[in-house]
Amino acid sequence: MATFPSKRLRRLRVNENIRSLVQEVRLSVNDLVCPIFVEEGLKEKKSVGSMPDIVRLPLSEISNEVQNISDLKIPAVMLFGIPSQKDESGASAYVENGIVQRTISEIRSNFGDKISIMADVCLCQYTSSGHCGIINGEKIDNDLSIKTLTDIAVSQAKMGVDVVSPSAMMDGQVSAIRKGLDDANFKDVIIMSHSAKHSSSFYSPFRDAAECAPQFGDRKTYQVPFTNPREAMREVEADIEEGVDIVMIKPALSYLDLIAEAKKKFNVPVSAYSVSGEYALVKAAANQGWINENEVTNEILSSIKRAGADFIVTYFAKLGAKLINENS
Ligand code: PBG
């Protein structure tokens, strides 16, 4: 006679030890990249209203912060700069003494290879238009923009960056940057492209943090519509053909399907960027006492990993690392 129930799946959930033995996805500090905002000319830390516990740092505080991040065993940081000058050509993004260039050199000289340095390659913080490319007339000049993006990447490579991360969504940005880096003999600098960066309302707290809101129009002529998953895969495919080393899906939480699909379809590392709005949602609810911040953070990061991300750029990197370190 058949026993009932015929399957007892609860057996493997009986206690913490057994659950731990059969745990399929295990978040590690090695899955995390910590973003840092550094502002030129700043005297002391400045909080970011829409991103509780996130600050803009002056250059003088960078090494302290990197030490904290490195003490948590997080393997990499992602740098975003806020320059004191913006202009039409975004020159402050690639000058030798630019804020990100100085930050890279400061971290490299104090930490050597102890932590990997990733840097955003984009123009929106640096252009008076607030757009990610160079404006010519009323339009973005794609091919001029990729020249400037290349100059930014090469200027960062000169300072010792490990990974350049173009986020402008200009066509051909990966091949232009690869060629520029190779010609300047930075053949080992890694390109991690924001391959499928969507036109998303989840970025608004970041625009507050990095002062990069477009002064007119929006980013819909360059960022991928969130309604177009096949177009997102074409973007990933194009970057791979252009020689990218690591692709990225951005944002993360509403885009888990695309992370999973990119992981299945392609054989390059897939990163995910859990963006400012995802952070703000959790922080806002946690500050009201409506959710448990630690538990929700663990659940979100684990879910992004479960979807297939090889690692995650996240404002929860430090909290995530603390939780992981405490439980191991
Ligand atoms: C700029 C850039 C943005 C983000 C990363 N790089 C904003 C944008 O495209 O408007 C968003 C990151 C976040 O929201 O955390 N190219």
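Scroll up for the structure.
Because the structure is predicted, anything quoted here is derived from the model rather than measured. (Residues numbered from 1 in each chain as written. Predicted model: local features only at pLDDT ≥ 70, side-chain atom pairs only at ≥ 80, totals over all residues. Heavy atoms only, no water.)

Turning to the side chain of Ser-193, a few remarks are in order. Structurally, Ser-193 is set in strand E9 (residues 190-197). Setting aside anything within four residues of it in sequence, one finds Ser-193 in contact with Pro-166, Gln-173, Val-174, Asp-239, Val-244, Ile-246, Val-247 and Met-248. (Helix = DSSP H or I, 4+ residues; strand = E, 2+ residues; numbered from the N terminus. Contact = heavy atoms within 4.5 Å.)

Here we come to the environment of Ala-119. By the secondary structure assignment, Ala-119 is in strand E5 (residues 116-121). Measuring from C-alpha to C-alpha, the distance between Ala-119 and Val-161 comes to 7.1 Å, with 42 residues separating the pair along the chain. For Ala-119, the residues in contact, after removing those within four places along its chain, are Met-78, Leu-79, Val-100, Ile-104, Gln-156, Val-161, Val-163, Val-164 and Ser-165.

Here the focus is the packing of aromatic side chains. Where two aromatic rings form a pair, the distance of their centres and the angle of their planes describe that pair. What the rule picks out here adds up to eight aromatic pairs. Centroid distance Tyr-273 to Tyr-315: 6.1 Å. Interplanar angle 50°. Geometry classified as tilted. In this pair, Tyr-273 is assigned in strand E11 (residues 270-274) and Tyr-315 in the loop between strand E12 (311-314) and helix H11 (317-326), connecting sequence segments 42 residues apart. On the accessibility criterion, Tyr-273 (1% relative accessible area) is buried. Ring geometry for Tyr-279 against Phe-316: centres 4.7 Å apart, planes inclined by 50°, an arrangement best described as tilted. (Phe/Tyr/Trp six-rings, centres within 6.5 Å; stacked < 30°, edge-to-face > 60°. Buried < 20%, exposed > 50% of the residue type's maximum accessible area, 1.4 Å probe, protein only.)

Turning our attention to helix H4 (residues 142-159). A rise of 1.5 Å per residue sets the reference length of H4, with its 18 residues, at 26 Å; its end C-alpha atoms lie 26 Å apart and thus fit the reference within 8%. Taken across its 18 residues, H4 has 13 buried, putting it largely inside the fold. Put simply, Asp-141 is the residue that caps the front of H4, since its side-chain oxygen is 3.3 Å from the backbone nitrogen of Asp-143. (Expected span 1.5 Å × (residues − 1). Polar contact = N/O pair within 3.5 Å; in protein donor to acceptor, adjacent residues only side chain to side chain.)

Now for the pattern of salt bridges. Enumeration according to the criterion identifies 16 salt bridges in this entry. The salt bridge involving Glu-16 is made with Arg-19; its shortest N-O contact spans 3.0 Å. Placement of both Glu-16 and Arg-19 in helix H1 (residues 16-21) is noted, with a separation of three residues, approximately one turn of the helix. Residue classification places Glu-16 among the exposed positions, given a relative accessible area of 55%. Linking Glu-39 and Lys-46 is a salt bridge whose minimum nitrogen-to-oxygen distance equals 3.5 Å. (Salt bridge = Lys/Arg side-chain N within 4 Å of Asp/Glu carboxyl O.)

Take unusual backbone geometry next. Note that the residue after Phe-4, namely Pro-5, is joined by a cis bond; omega there is -5°. One can find Pro-5 in the segment before H1. Note that the residue after Lys-250, namely Pro-251, is joined by a cis bond; omega there is -10°. Among the structural elements, Pro-251 can be located in the loop between strand E10 (246-250) and helix H8 (256-265).

What follows is about the environment of Lys-147. Along the polypeptide, Lys-147 turns up in helix H4. With a relative accessible area of 58%, Lys-147 lands in the exposed category. With 13 residues separating them in the primary sequence, Lys-147 and Ile-134 have C-alpha atoms 9.9 Å apart.

Together, Leu-12, Leu-21 and Val-22 line one region of the surface with nonpolar side chains, adding up to about 300 Å² of accessible area. Of note, Leu-12 is situated in the segment before H1. (Patch = residues over 30% accessible without salt bridge, like charges linked within 9 Å, V, L, I, M, F, W, Y side chains within 5 Å. Areas by Shrake-Rupley, 256 points an atom, 1.4 Å probe, with all protein chains shown as cover.)

With that settled, the discussion passes to the packing of H4 against helix H5 (residues 173-183). It is at 9 Å that the axes of H4 and H5 come closest, and there the two elements cross at 45°. Classified by the interaxial angle, the pair formed by H4 and H5 is oblique. Here the hand of the crossing between H4 and H5 comes out right-handed. Of the residues in H5, those touching H4 at Ile-146, Leu-149, Thr-150, Ala-153, Val-154 and Ala-157 are Gln-173, Ala-176, Ile-177, Gly-180 and Leu-181. (Axes fitted to C-alpha atoms, helices over the stretch in contact; angles between N-to-C directions. Parallel < 35°, antiparallel > 145°, perpendicular 65-115°, else oblique. Left-handed = near helix turned anticlockwise from the far one by under 90°.)

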